[in-house]
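Read off the chains here:
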Amino acid sequence: SDGVPGVTYDTFVGSPLGSLATTAAAAVRSSTVTVSGGTDLVAEKVMPHDILTFGTAGTQYIVQDIISTTTLSIGILANATISAEAATITRRALVLPSSGQVISVIPESGNRSDGLAREPAVARRTPFQTGTPRFFEQRYCEGSLTSFASLWPAPTDTTTQYTIQQSQFADQLDADSDTLRFPEEVIDAILERARDCYLTWTGAANQNDLMASYRALRDTSDALKNSSNSRQVFFKT
């Protein structure tokens, strides 16, 4: 979290993709919507929480997930059949290179104080609102195996660029031959924290052992050059 080489963050700039015109149909009592007309939902980076609007009926849904290149789920059952008709998908996502934690999302031309607030529950309040984004949430699309930041309200101006800071995320270690590509200071910090957790969990350590473990944790914090911060190493569960 303090910029140690190998456990740091990336900074990049990008814009949302905006509206996508397509043809869509939904059957009554079905949560699956089928698109046609050559639209490839995966290639077009349609993501969960994008807005699906049927033209004639004016009915709107929030995309729940992408099932395939031509089908998506709205999560809830449609209460009426909608024959194939013109539809619009309002895309609100900024596609990310990994599932590392998003630290900040700031309009490229704005100040730090103009940064979007992280708000995981924003979808419950204004699911279909469009305009200038003020909030973001980080999500993962199982259908297309894509990590993304979702902007709320859905942006109407696709020319605005956003500067994103995101923690780098190492690949999962799933084989004995895999290598943890961290610097020595970070590996020491991880091992000392693991040892401290083990000593506490077993309950067999005496006071001297626990005190020595605490001092080792402080030493590794100093090695990470930020002993005032109690969380040098971020972890995912």
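Placed above this text is the structure.
These numbers come from a predicted model, not from an experiment. (Residues numbered from 1 in each chain as written. Predicted model: local features only at pLDDT ≥ 70, side-chain atom pairs only at ≥ 80, totals over all residues. Heavy atoms only, no water.)

Time to look at the pairing of strand E16 (residues 162-167). The sheet contact formed by strand E1 (residues 9-14) and E16 spans 6 bridges and is antiparallel. Its bridge partner being in E16, Asp10 is matched across the sheet by Gln166. Sheet topology places strand E10 (residues 102-107) next to E16; 5 bridges connect them, and they run antiparallel. Counterpart to Ser104 in the pairing with E16 is Gln165. (Pairing = 2+ DSSP bridges. Helix = DSSP H or I, 4+ residues; strand = E, 2+ residues; numbered from the N terminus.)

Take the sheet that holds strand E5 (residues 60-62) next. Pairing is antiparallel across the open sheet formed by 7 strands, whose spatial order is E5-E4-E8-E2-E3-E7-E6. Taken across any chain shown, the strands that pair with only one partner, and hence form the sheet edges, are E5 and strand E6 (65-66). Inspection of the sheet shows E6 paired to strand E7 (residues 71-73) by 2 bridges, in the antiparallel sense. Paired with Ile66 across the bridge in E7 is Leu72.

Counted according to the given criterion, the structure contains 1 salt bridge. Across the salt bridge formed by Arg91 and Glu44, the nearest N and O atoms sit 3.2 Å from each other. Taken together, the residues span a long stretch of sequence, with Arg91 in strand E8 (residues 82-91) and Glu44 in the loop between strand E3 (32-36) and strand E4 (51-54) at a distance of 47 residues. Residue Arg91 is classed as buried on the basis of its relative accessible area of 7%. When its relative accessible area of 31% is taken as the criterion, Glu44 is described as partly exposed. (Salt bridge = Lys/Arg side-chain N within 4 Å of Asp/Glu carboxyl O. Buried < 20%, exposed > 50% of the residue type's maximum accessible area, 1.4 Å probe, protein only.)

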